Amino acid sequence: SVSAVLPAGGSGERLGGATPKQFCAVQGRPLVSYAVRAMERISWISDIVVVVSPENVETMKTIIEKYGHKRVTVVEGGITRHRSIFNGLKVFAENEFSSHLLRKPEVVIIHDAVRPFVEEDIASKVVMAAKEHGAAGAIRPLVSTVIASAADGCLDHSLERARYRASEMPQAFLFDIIYEAYQQSTDYDLDYGTECLHLALKYCKTNAKLVEGTADLWKVTYKRDLYAAESIIKDNLSQEVYVITNVRETLAQVGFLLSESLKSQIKVEAISGSLSKSDSHLQNIISGQCYNFVCVNDKRCAIQETQELVDMLEKSNIPLLYPVVLILVHLDISENNSFSIGMEDLTTIKKFARETKKKNILVYGLLIQYK
């Protein structure tokens, strides 16, 4: 079994401002929610422990409730990074530290709550390597050359960049090894150290396997990183679209024209036919790869169809890392063009859109009068 510990107790002083970076909003959602969502998407991770400073425990619990996160336990952190991680590990091993002891995993992943874009592939690689070697961590090539300065502030020497790597997250450990390492650690280690792989080497003689990571493992440290995170989310927002039209000829034609015009820009799938819960083809699409959706119809009760689609997305158990966009296109093809939307309908749609936004699903409506 595999569990994850996410330290999220930092003050974010390098970011500037009063809000710690893990609670800063990216596209309206706190950064920590993306990191939790990334872990939650991985079905074989059984428990996710988020470690926050005591004053942020209630904030974190509110985020979990608001965004419907599952399998998450919130734990109070210590005054340093290592002490916080140690507290997170204790939830699996020490009764007095948790009201309900979580099942001790074979392997534990440690991942920063301010690294929002970790994918299952790299998590899987470090876990497999940890099972074989006892410890493993993601690395990236150094971007800048590292230099050492002498006491007088002049250059002493520089490191040969090709020989060194930047240590990134996620890291993974056999639980017994990393827990033993933390138990053996001195106060100096816990107060001034930052590298978990080093503790496993120092106290358990465990040489970590280093796994080449991808470019999106970076950490949000400065304010500009928040803008970069937002940009990545927007880039991933509309790569693939699924167009659904009901069977009437006019609508099918509109759906076809829409698909054709979109194809030059993004990946498009199209389906003709009414949305129904028994549509196994659509369920396969959702479970295989999440799309954005455009639903074209001419029914007054179109919101019900959209609700069915949202239900399908929820039942598929894919926690959505990037937002999914649902665009509801209502075609009025009557002769008199008298269709108008009442305030009651509008209120229903707005309320529905607010609720789905919490699940990372963005709903938009479009009314087209069509002759």
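Residues numbered from 1 in each chain as written. Predicted model: local features only at pLDDT ≥ 70, side-chain atom pairs only at ≥ 80, totals over all residues. Heavy atoms only, no water.

In the nomenclature of an unreviewed UniProt entry, the protein corresponds to D-ribitol-5-phosphate cytidylyltransferase from the organism Certhia brachydactyla. Check the Pathway (unreviewed entry) section of the UniProt entry for the protein; it says "Protein modification; protein glycosylation." (UniProt positions renumbered as here; feature names shortened; annotations may be inferred.)

Novice: Is there a simple way to think about the overall build of the protein in this case?
Specialist: Along the protein, the regular secondary structure elements total 12 helices and 16 strands. When burial is assessed residue by residue, the protein has 47% of its 371 residues classed as buried. Partitioning the intrachain contacts of the protein with sequence separation of at least 6 by distance along the chain shows that 75% fall at a separation of at least 24. Just so you have it, the protein exposes about 18900 Å², and 51% of that area is on carbon and sulfur atoms. (Helix = DSSP H or I, 4+ residues; strand = E, 2+ residues; numbered from the N terminus. Buried < 20%, exposed > 50% of the residue type's maximum accessible area, 1.4 Å probe, protein only. Contact = heavy atoms within 4.5 Å. Areas by Shrake-Rupley, 256 points an atom, 1.4 Å probe, with all protein chains shown as cover.)

Novice: Before we go on, may I ask you to explain unusual backbone geometry in this structure?
Specialist: Most peptide bonds are trans, and most residues other than glycine sit at a negative phi. Of note, the bond from Met169 into Pro170 is cis; its omega dihedral lies within 30 degrees of zero at 5°. Positive phi, close to 55°, is recorded for Lys205, a residue that is not glycine. Examined against the element boundaries, Lys205 turns out to sit in the loop between helix 7 (196-204) and strand 11 (209-212).

Novice: Before we go on, may I ask you to explain the nonpolar core in this structure?
Specialist: Buried together is how nonpolar side chains tend to be arranged in soluble globular proteins. Val32, Met39, Ile45, Val50, Val52, Met60 and Ile109 are the most contacted members of the largest nonpolar core, which totals 37 residues. For this core, the elements supplying multiple residues, two or more each, are strand 1 (2-7), helix 1 (31-40), strand 4 (45-52), helix 2 (57-66), strand 5 (72-76), strand 6 (107-110), helix 4 (120-133) and strand 7 (135-141). For this core, the leading source of residues is helix 4, giving 6 residues. Those residues in contact with Val50 that sit more than four places away from it in its chain are Leu6, Ala8, Val32, Val36, Met60, Val72, Thr73, Val74 and Val75. Formed by 26 residues, the second largest nonpolar core is a distinct cluster that contains Phe86, Val91, Ile178 and Tyr179. (Core = buried A, V, L, I, M, F, W, Y, C linked by side-chain atoms within 4.5 Å.)

Novice: Looking at this structure, I do not really get the pairing of strand 14 (residues 292-297). What am I missing?
Specialist: Among the 6 residues that make up strand 14, 6 are buried, leaving the element largely enclosed by the rest of the structure. On strand 14, burial covers both faces: Asn292, Val294 and Val296 on one face and Phe293, Cys295 and Asn297 on the other are all buried. Inspection of the sheet shows strand 12 (residues 240-245) paired to strand 14 by 5 bridges, in the parallel sense. Residue pairing for strand 14: Tyr242 is matched across the bridge by Phe293. Here strand 14 runs beside strand 15 (residues 324-332); their pairing, made up of 5 bridges, is parallel. For Val296, the partnering residue across the bridge sits in strand 15 and is Val329. (Pairing = 2+ DSSP bridges.)

Novice: It is not clear to me how the side chain of His69 should be interpreted in this structure. Could you clarify?
Specialist: For His69, the location among the structural elements is in the loop between helix 2 and strand 5. In this structure the side chain of His69 is engaged in a polar contact, spanning 2.8 Å, whose partner is the side chain of Ser33. Within the structure, the side chain of His69 is placed 2.9 Å from the side chain of Glu40, a separation counted as a polar contact. (Polar contact = N/O pair within 3.5 Å; in protein donor to acceptor, adjacent residues only side chain to side chain.)

Novice: Could you clarify how one ought to interpret helix 4 in this entry?
Specialist: One full turn of an α-helix is made of 3.6 residues, so residues set three or four places apart face in the same direction. With 14 residues, helix 4 extends 20 Å from end C-alpha to end C-alpha; this agrees with the ideal 20 Å at 1.5 Å per step. Within helix 4, burial applies to Ile122, Ala123, Val126, Val127, Ala129 and Ala130. Along the axis of helix 4, the buried residues cluster in a sector spanning 165°; they form a single face. Turned more than 90 degrees away from the buried face of helix 4 sit Met128 and Glu132, all of them exposed. On its buried side, helix 4 packs onto strand 1, strand 6, strand 7, strand 10 (165-174) and strand 11. Once helix 4 finishes, Gly134 follows within two positions and takes phi at roughly 95°, a positive value. (Expected span 1.5 Å × (residues − 1). Arc of directions from axis to C-beta.)

Novice: Teacher, can you tell me more about the packing of helix 3 (residues 81-90) against helix 5 (residues 175-184) here?
Specialist: Viewed as axis vectors pointing N to C, helix 3 and helix 5 meet at an angle of 130°, and their least axial separation amounts to 10 Å. Classified by the angle between their axes, helix 3 and helix 5 sit oblique to one another. Here the hand of the crossing between helix 3 and helix 5 comes out left-handed. For the pair formed by helix 3 and helix 5, the contact residues are His82, Ile85, Phe86, Leu89 and Lys90 on the first element and Phe175, Ile178, Tyr179, Tyr182 and Gln183 on the second. Grouping the constituent residues of the contact of helix 3 with helix 5 by class yields 7 nonpolar, 2 polar and 1 charged. (Axes fitted to C-alpha atoms, helices over the stretch in contact; angles between N-to-C directions. Parallel < 35°, antiparallel > 145°, perpendicular 65-115°, else oblique. Left-handed = near helix turned anticlockwise from the far one by under 90°. Nonpolar A, V, L, I, M, F, W, Y, C, P; charged D, E, K, R; others polar.)

Novice: It is not clear to me how the sheet that holds strand 1 should be interpreted in this structure. Could you clarify?
Specialist: Paired through backbone hydrogen bonds, the strands of a sheet run either parallel or antiparallel to each other. Taken together, 7 strands build an open sheet; the order of strands is 5-4-1-6-10-7-11 and the sheet is mixed. Of all strands in the sheet, those bounded by a partner on one side alone are strand 5 and strand 11. Within this sheet the neighbouring strands show an average axis-to-axis angle of 25°, counted without direction. Those strands touched by helix 1 are strand 1, strand 4, strand 5 and strand 6, and its axis lies near 160° from that of strand 4. Strands in contact with helix 3 are strand 1, strand 4, strand 5, strand 6 and strand 10; relative to strand 1, the strand with the most contacts, it is inclined by about 145°.

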